[in-house]
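Here's the letter readout for the chains.
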Amino acid sequence: METGKQNKNLILSLFRREVHQYQQTEPSIPNSWKVLIVVILLLRIFLSFANLDQKPYNADEVRGFYRIAGYTRTQIVEEVFNGEIISAEKILTYQVPTSAKGLPDTMSALAGNSEHTPLYYVLCRFVISIFKDPFAARVLSVIFGFACLPAVYWLCYELFGSRSVGWIAVGLISVSPYQILLSQGARQYSLFGISTLICTIALLRAMRKNDKLSWVICTLTFIFGFYSHLFFVFVAFGYCLYILSLGLKQIRSYLVPFIVSMSVAFVAFLPWIIVILTSINEIQEKTQWVSSRNSNISILIRGLLNSLGSCFLNWNNSVPRIEPYSSYLIFGLVVISLYFLIRFTPRRVWSLVVISIVLTPLVLVTADLILGGGRSLQSRYLLPSLLFVQISVAYFLTKCIIFSFYAWEKVFWRFAYLTMVFVGVISAIMIAKTPGWDYLEQGRTANALNLKMAPLINVANRPVVMSEATHSFVLGLSHLVNKDVDFQVINDVEASEFSSYFNIPELAQKYEEVFIYLPDKQFKSFVEQEQGAELESVFETKLYRLKRALL
């Protein structure tokens, strides 16, 4: 009994000593573990690109493509969705930058959707212009996602003074299904991730060195962060809370440089803030889908737990009995990790991590409860929070592996870490083998189902596709069908005007196969009753083929 008490006191004394000497020497992880993590890194590169070109572009991505090319939704509808026959090859030209539309047109199109900051899309315009393929935008996102890994290592060293924590964190995040999915989309989320990490590193470094060059670099990274994603505003506010949490005595020497740095960055971001304020009504209209979503406290909690669990395990509900329970286990692990962090590190360490984890979910959940909607249910909005969740778990596991007193404890925590890496690898493999699974995790949307419908259209002789479906679904389909497939599509047209655009007997004479893509009840009724055509289902209720036209 007395021996057990002494052992417990010995362990506590080790960690108490670390409170004051957490940046001093600590045992390094074995070289064999470093080799393992390097292998995991290489696996991450392979799995990130595996079958990436086979994943269908979702609605967000194709809308981004035509804005990058300099077109607005109105222009796309007028030039493509006007009822005229147009080939898939021609439709694709509206999703790649050309000399017809320059960078000012891109900026104008992006300003029309100012909820998305422009930096990522300007970079995409540059790379797509070089490679003449929207796929280059996905490659750029993957590169940004992979760049997050050395940034995580650097942040762990800057924050904890520990290379071992950096190694363990890199291993965990490398095979995180959440991070892999976000980095595979042609969207700004992986850029948001790397900007959050770089800005935090720059802030900590500036606070430590407190010289002019460091604060200039910090200012530049803040500007980079603001233009990477609108929700960097929450990250920046978190930095302000972090500085205040340290107390006046601690921050006296660098409070003024921090205020100047943040102010300069805010002024640099002011032009885009003005754009946002002048189009606030349009933003509210375009984001109504998330603000009108039904939710309650139970749904929000369950959504947050699912987002938390997806950081380490996501099998796309293929094993439904495992994933819900794993989310609870991971939540417990995160709570223990944060307790450990608060208990055994200085305030200037744990306060940054805790504020970064709590702030964004707190703001979004509060908005959902007061205003209604499901902002906090969009896991991609929680990226900074979940990054620091993974870092806190990595810190906890590292200290348990290194400083455990008994041999069986070391074995247990090593096994726990390897298990988390293993389930992450399985998740990553499943992502690579499931083309219709993306960061939106909406495998039954039209853009995911396009994977099944496109081959049916491609095997047809001289096909034409009719549709009045949402323009982003049609644009997504145009990437998957043969270039010589023709389309006759409309948008924003009343049912009473369908006959002004479509003449099915003429189409039936010109084309051997006439497909009806994603028809609603009104359009299907128009084809069958007003045009006298008989349809047969090709794929569920999503794709029909003209069986017989009454001429």
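Remember, it's a predicted structure, so these values are computed and weren't measured experimentally.

Enquirer: I tried to follow the overall build of the protein chain on my own but got confused; where do I start?
Expert: When helices and strands are tallied, the protein chain shows 26 helices and six strands. Looking at the protein chain as a whole, 54% of its 551 residues qualify as buried. The positive charge centre, built from 47 side chains, and the negative charge centre, built from 37, are 16 Å apart in the protein chain.

Enquirer: What should I look at first to understand the pattern of salt bridges in this one?
Expert: When the charged atoms of two side chains with opposite charge come close together, those side chains can pair. Following the criterion strictly, the structure yields 10 salt bridges and no others. Linking aspartate 492 and arginine 73 is a salt bridge whose minimum nitrogen-to-oxygen distance equals 3.0 Å. Here aspartate 492, found in the loop between strand 3 (486-490) and helix 25 (504-510), pairs with arginine 73, found in helix 4 (residues 73-79); they are 419 residues apart in sequence, far enough to count as distant. Across the pair glutamate 528 and lysine 524 runs a salt bridge whose closest N-O atoms are separated by 3.3 Å. Taken together, the positions of glutamate 528 and lysine 524, both in helix 26 (residues 521-530) and four residues apart, correspond to about one turn of that helix. Taking the relative accessible area as the measure of exposure, lysine 524 reaches 23% and is therefore partly exposed. Ionic contacts of the salt-bridge type, sharing partners, join the residues Glu513, Glu536 and Arg545 into one network.

Enquirer: Just to check I follow, could you spell out a nonpolar patch on the surface for this structure?
Expert: A cluster of nonpolar side chains, Ile297, Ile301, Leu369, Ile370 and Leu371, forms an exposed patch at the surface whose accessible area comes to about 540 Å². Looking at the nonpolar patch, the elements that each hand over two or more residues are helix 18 (297-310) and helix 20 (347-371). Among the elements that make up the nonpolar patch, the one with the highest residue count is helix 20 (three residues). In this fold, isoleucine 297 is placed in helix 18.

Enquirer: Looking at this structure, how should I read the environment of glutamate 61?
Expert: Position of glutamate 61 relative to the elements: it lies in helix 3 (residues 59-68). Sequence separation between glutamate 61 and glutamate 506 is 445 residues, and the spatial gap between their C-alpha atoms is 34 Å. When neighbours within four sequence positions are excluded, glutamate 61 is seen to be in contact with Pro56, Arg138, Gln184, Gly185, Ala186 and Arg187. Among the polar contacts made by the side chain of glutamate 61, one reaches the main-chain amide nitrogen of alanine 186 at a distance of 2.7 Å.

Enquirer: Is there a simple way to explain the nonpolar core in this structure?
Expert: Burial of nonpolar side chains together is a common tendency in soluble globular proteins. In this structure, Phe222, Tyr239 and Phe487 are the most contacted members of the largest nonpolar core, which totals 154 residues. A per-element tally of this core places helix 21 (residues 383-403) first, with 15 residues. Ignoring anything within four residues of it in the chain, the contact list for phenylalanine 222 reads Cys199, Leu203, Phe232, Tyr239, Phe258, Ser261, Met262 and Ala265. Core analysis: the second largest hydrophobic core is formed by 17 residues, Ile504, Val514, Phe523 and Leu546 among them.

Enquirer: Honestly, the pairing of strand 2 (residues 463-467) in this entry has me stumped. Any pointers?
Expert: Each regular strand shows side chains that alternate between the opposite faces of the sheet. The buried fraction of strand 2 is high, at five of five residues. Burial along strand 2 is two-sided: the face carrying Pro463, Val465 and Ser467 and the face carrying Val464 and Met466 are both buried. Taken together, the four bridges between strand 2 and strand 4 (residues 513-517) define a ladder with parallel strand orientation. The residue bridging methionine 466 from the neighbouring strand is isoleucine 516, located in strand 4. For strand 2 and strand 3, the ladder comprises four bridges, and the chain directions are parallel. Opposite valine 464, over in strand 3, you have aspartate 486 as the bridge partner. In terms of handedness, the path from strand 2 via helix 24 (residues 471-478) over to strand 3 forms a crossover that is right-handed.

Enquirer: How should the side chain of serine 307 be read in this particular structure?
Expert: You can see serine 307 is positioned in helix 18. On the accessibility criterion, serine 307 (4% relative accessible area) is buried. With near-sequence residues (within four places) excluded, serine 307 lies in contact with Ser379, Leu382 and Leu386.

Enquirer: I keep staring at the packing of helix 20 against helix 21 and nothing clicks. Help me out?
Expert: Helix packing for two helices is described by the angle between their axes and how far apart those axes are. Direction vectors running N to C along helix 20 and helix 21 enclose 145°, while the axes themselves pass 8 Å from each other. Here helix 20 and helix 21 pass one another in a crossing that is left-handed. Here Val353, Ser356, Ile357 and Pro361 of helix 20 lie close against helix 21, whose contacting residues are Pro384, Ser385, Phe388, Val389 and Ser392. Its residues assigned to classes, the contact of helix 20 with helix 21 shows six nonpolar, three polar and no charged.

Enquirer: Would you mind going over helix 15 (residues 255-278) with me for this structure?
Expert: Helical periodicity: at 3.6 residues per turn, an α-helix aligns residues three or four positions apart in one direction. Along its 24 residues, helix 15 runs 33 Å from first to last C-alpha, staying within 8% of the 34 Å computed at 1.5 Å per residue. At leucine 270, helix 15 shows its largest bend, some 45°, and a proline, proline 271, comes one to four positions later. Within helix 15, burial applies to Phe258, Ser261, Met262, Ala265, Phe269, Trp272, Ile273 and Ile276. In this structure, the buried side of helix 15 is in contact with helix 6 (103-111), helix 11 (189-209), helix 12 (212-228), helix 13 (232-245) and helix 16 (280-286).

Enquirer: So what exactly am I meant to see when it comes to the state of the cysteines here?
Expert: Working definition: the covalent bond between the sulfur atoms of two cysteines is a disulfide. Counted under the stated rule, the structure contains zero disulfides. Lacking any disulfide linkage, cysteine 400 is separated from the closest cysteine sulfur, that of cysteine 156, by 15 Å. Judged by its relative accessible area of 8%, cysteine 400 falls in the buried class.

Enquirer: Any chance you could explain the environment of asparagine 58 here in plain terms?
Expert: Relative to the assigned elements, asparagine 58 resides in the loop between helix 2 (31-49) and helix 3. Of the residues examined, asparagine 58 reaches a relative accessible area of 4% and is grouped as buried. Taking C-alpha positions, asparagine 58 is 44 Å from isoleucine 402, a pair spaced 344 residues apart along the chain. Leaving out residues up to four positions away in the same chain, asparagine 58 has contacts with Asp438, Tyr439, Leu440 and Asn447.

Cut-offs used in this document
- Residues numbered from 1 in each chain as written.
- Predicted model: local features only at pLDDT ≥ 70, side-chain atom pairs only at ≥ 80, totals over all residues.
- Heavy atoms only, no water.
- Helix = DSSP H or I, 4+ residues; strand = E, 2+ residues; numbered from the N terminus.
- Buried < 20%, exposed > 50% of the residue type's maximum accessible area, 1.4 Å probe, protein only.
- Lys, Arg positive; Asp, Glu negative; His and termini not counted.
- Charge placed at Lys NZ, Arg CZ, Asp CG, Glu CD.
- Salt bridge = Lys/Arg side-chain N within 4 Å of Asp/Glu carboxyl O.
- Patch = residues over 30% accessible without salt bridge, like charges linked within 9 Å, V, L, I, M, F, W, Y side chains within 5 Å.
- Areas by Shrake-Rupley, 256 points an atom, 1.4 Å probe, with all protein chains shown as cover.
- Contact = heavy atoms within 4.5 Å.
- Polar contact = N/O pair within 3.5 Å; in protein donor to acceptor, adjacent residues only side chain to side chain.
- Core = buried A, V, L, I, M, F, W, Y, C linked by side-chain atoms within 4.5 Å.
- Pairing = 2+ DSSP bridges.
- Right-handed = clockwise from strand over helix to strand, strands pointing away.
- Axes fitted to C-alpha atoms, helices over the stretch in contact; angles between N-to-C directions.
- Left-handed = near helix turned anticlockwise from the far one by under 90°.
- Nonpolar A, V, L, I, M, F, W, Y, C, P; charged D, E, K, R; others polar.
- Expected span 1.5 Å × (residues − 1).
- Bend = angle between axes of the 7 residues up to and from the residue.
- Disulfide = S-S within 2.5 Å.

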